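Residues per chain are reported as follows:
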Amino acid sequence: MGRLGIHSFVWTGGETQEGLETALDRSAECDYRLIEFAYLRPGKFDLDRLARKAQALDIQIAVTMGLPLNADVSSEDPAIVKAGEQLLANAVKAVRDIGGKTLGGILYSAHTKYSSQPSDRGRKNSVAAIEKASQIAKQAGVSMVLEVVNRFETNLLNTTAQGLAFINATGSDSITLHLDTFHMNIEEASPAAAIRLASDKIGYFHIGESNRGYLGDGVVNFDQIFDALLDIDYQRDITFESFSSAVVDEALSVACAIWRDTWVDNGPLAKHAKSFIDLKRDEAARRRATNARS
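Since the structure is predicted, the reported quantities are computational estimates derived from the model, not experimental observations.

Caption draft 1: Spatial organisation of helix 2 (residues 47-56). Residues of helix 2 that are buried include every one of Leu47, Leu50, Ala51 and Ala54, and no others. Mapping the buried residues of helix 2 onto a view down its axis gives an arc of 100°, with all of them on the same face. Seen from the open side of helix 2, the exposed residues pointing more than 90 degrees away from its buried face are Arg52 and Ala56. Capping of helix 2 at its N-terminal end is provided by Asp46; its side-chain oxygen lies 3.3 Å from the backbone amide nitrogen of Asp48.

What follows is the structure, given as structure tokens:
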């Protein structure tokens, strides 16, 4: 598989340059080879300095984000859609400038709980905007991955099947899906079957527990998840994601309803996640080898 990463919100709320640099250091100390940042505004952060530090630590950078309502490309308002298109174009450039390779997240709608189903016009606006952004991303050498999330965080792409249909509607061959065990555990009849359905259309993968805390403390069946990833020969990056009110990003806390401490000390959490994921990958490989011999 590709690099094993960790979300920067395990370490920092992401408000300062110092916080992001510390997140890089601590990720490296825990043997992660990728870090996931939330959208990095060039006017707020020194992207060149972050890029140099990541390169020196041999850590790859991925960036994920969700669109705000005033830049929702699934809106019926042309001005709002245009603002979303510009935000996506700026995000691609920021990922390129920081030396990153991946832009993921809820790029196709606002990151919010909607009060109605998406309209046909809104969906078409989103498809067109993502197709346009994918061309910019391809030219910049950035992979665009669309995160499929639960019904409380978008009304557009809640299942892998919806994600695949959306990609097909764009007509682009460079867009892939960003799947997440936390969200699949809510929306998919079988997360493992969803992984096999998407197969080589999975471009990025989040490992997160059902309660957003320590892996293994919830109800996600990680044995089935890693068996499925092995079945499709998944070779791309995997990132551990966990949120707690102990480390707060206000916008994320509201969008994801992070109202309690799922953990307090991030160091043991990060080390445990690394060991847990390595173990589950090894166990899946051993099950495959045993089944092949029987």
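Caption draft 2: Here's a closer look at the sheet that holds strand 1 (residues 4-7). Around the barrel, which closes on itself, the eight strands sit in the order 1-2-3-4-5-6-7-8 with parallel pairing between neighbours. Here the strands of the sheet are splayed against their neighbours by 30° on average, with no regard to which way each runs. Of the pairings in the sheet, the one linking strand 1 to strand 8 (residues 238-240) comprises three bridges and is parallel in character. Across the sheet, Leu4 pairs through a bridge with Ile238, a residue of strand 8. Contacts from helix 3 (residues 78-97) reach strand 3 (60-67), strand 4 (102-110) and strand 5 (143-147) within the one sheet, and its direction differs from that of strand 4 by about 170°.

Caption draft 3: Layout of the packing of aromatic side chains. Per the counting criterion, the structure on display carries four aromatic pairs. Residue placement shows Arg212 over the ring face of Phe182; its charged tip is 3.6 Å from the ring centre.

Caption draft 4: Inspection of the side chain of Glu209 at higher detail. Inspection of the secondary structure assignment puts Glu209 in the loop between strand 7 (202-207) and helix 8 (222-231). Buried and unpaired, Glu209 has Lys280 as its nearest opposite-charge partner, separated by 9.3 Å. Within the structure, Glu209 has its side chain in polar contact with the backbone nitrogen of Gly216 (distance 2.8 Å).

Caption draft 5: Molecular detail of the environment of His206. Mapping His206 onto the fold places it in strand 7. Spatially, the C-alpha atom of His206 lies 9.3 Å from that of Glu147, the residues being 59 residues apart in sequence. Excluding residues within four positions of it along the chain, His206 makes contact with Glu36, Glu147, His178, Leu179, Asp180, Thr181, Thr239 and Glu241. Reaching out from His206, the side chain makes a polar contact with the side chain of Glu147 at a distance of 3.4 Å. A distance of 3.1 Å separates a polar atom in the side chain of His206 from a polar atom in the side chain of His178.

Caption draft 6: Representation of the packing of helix 8 against helix 10 (residues 266-293) within the structure. Packing of helix 8 against helix 10 leaves a shortest axis separation of 9 Å and a crossing angle of 65°. Like other packed secondary-structure pairs, helix 8 and helix 10 cross with a definite hand, here right-handed. Where helix 8 approaches helix 10, its residues Phe222, Asp223, Phe226, Asp227, Leu230 and Asp231 are matched on the opposing element by Phe276, Ile277, Lys280, Arg281, Glu283, Ala284, Ala285, Arg287 and Arg288. Broken down by class, the residue content of the contact of helix 8 with helix 10 amounts to seven nonpolar, no polar and eight charged.

Caption draft 7: Structural context of the pairing of strand 4. With nine of its nine residues buried, strand 4 lies for the most part within the structure. Inspection of the sheet shows strand 3 paired to strand 4 by six bridges, in the parallel sense. When the bridges of strand 4 are listed, Ala62 appears paired with Thr102. Taken together, strand 3, helix 3 and strand 4 constitute a β-α-β crossover, and its handedness is right-handed. The pairing of strand 4 with strand 5 spans two bridges and is parallel. Within the sheet, the bridge partner assigned to Leu103 lies in strand 5 and is Met144. One crossover worth recording links strand 4 to the parallel strand 5 by way of helix 4 (residues 120-140), and it is right-handed.

Caption draft 8: Examining the pattern of salt bridges more closely. Taken as a whole and assessed by the stated rule, the structure comprises 21 salt bridges. The partner of Arg33 in a salt bridge is Asp58, and the shortest N-O contact between them spans 3.8 Å. Of this pair, Arg33 sits in the loop between helix 1 (17-29) and strand 2 (34-38) while Asp58 sits in the loop between helix 2 and strand 3, and the two are 25 residues apart along the sequence. Since its relative accessible area comes to 25%, Arg33 is described here as partly exposed. Among the charged side chains, a salt-bridge network with shared partners connects Asp223, Asp227, Lys280, Glu283 and Arg287.

Caption draft 9: Layout of the nonpolar core. Of all hydrophobic cores here, the largest spans 82 residues; its most connected members are Leu103, Ile195 and Phe205. Those residues in contact with Leu103 that sit more than four places away from it in its chain are Val63, Met65, Leu88, Ala91, Val92, Val95, Val142, Ser143, Met144 and Val145. Judged by nonpolar contacts, the second largest core, of five residues, contains Phe9, Phe243, Cys256 and Ile258.

Caption draft 10: Layout of helix 8. Here helix 8 has its buried residues at Phe222, Ile225, Phe226, Ala228 and Leu229. Within helix 8, the buried residues cover an arc of 155° as seen down the axis, which keeps them to one side. Against helix 6 (181-187), helix 7 (191-198), strand 7, strand 8 and helix 10 lie the buried residues of helix 8. N-cap assignment for helix 8: the residue whose side-chain oxygen lies 3.3 Å from the backbone N of Asp223 is Asn221.

Procedures and definitions
- Residues numbered from 1 in each chain as written.
- Predicted model: local features only at pLDDT ≥ 70, side-chain atom pairs only at ≥ 80, totals over all residues.
- Heavy atoms only, no water.
- Buried < 20%, exposed > 50% of the residue type's maximum accessible area, 1.4 Å probe, protein only.
- Helix = DSSP H or I, 4+ residues; strand = E, 2+ residues; numbered from the N terminus.
- Arc of directions from axis to C-beta.
- Polar contact = N/O pair within 3.5 Å; in protein donor to acceptor, adjacent residues only side chain to side chain.
- Pairing = 2+ DSSP bridges.
- Axes fitted to C-alpha atoms, helices over the stretch in contact; angles between N-to-C directions.
- Contact = heavy atoms within 4.5 Å.
- Phe/Tyr/Trp six-rings, centres within 6.5 Å; stacked < 30°, edge-to-face > 60°.
- Lys NZ or Arg CZ within 6 Å of the ring centre and 35° of its normal.
- Lys, Arg positive; Asp, Glu negative; His and termini not counted.
- Salt bridge = Lys/Arg side-chain N within 4 Å of Asp/Glu carboxyl O.
- Left-handed = near helix turned anticlockwise from the far one by under 90°.
- Nonpolar A, V, L, I, M, F, W, Y, C, P; charged D, E, K, R; others polar.
- Right-handed = clockwise from strand over helix to strand, strands pointing away.
- Core = buried A, V, L, I, M, F, W, Y, C linked by side-chain atoms within 4.5 Å.

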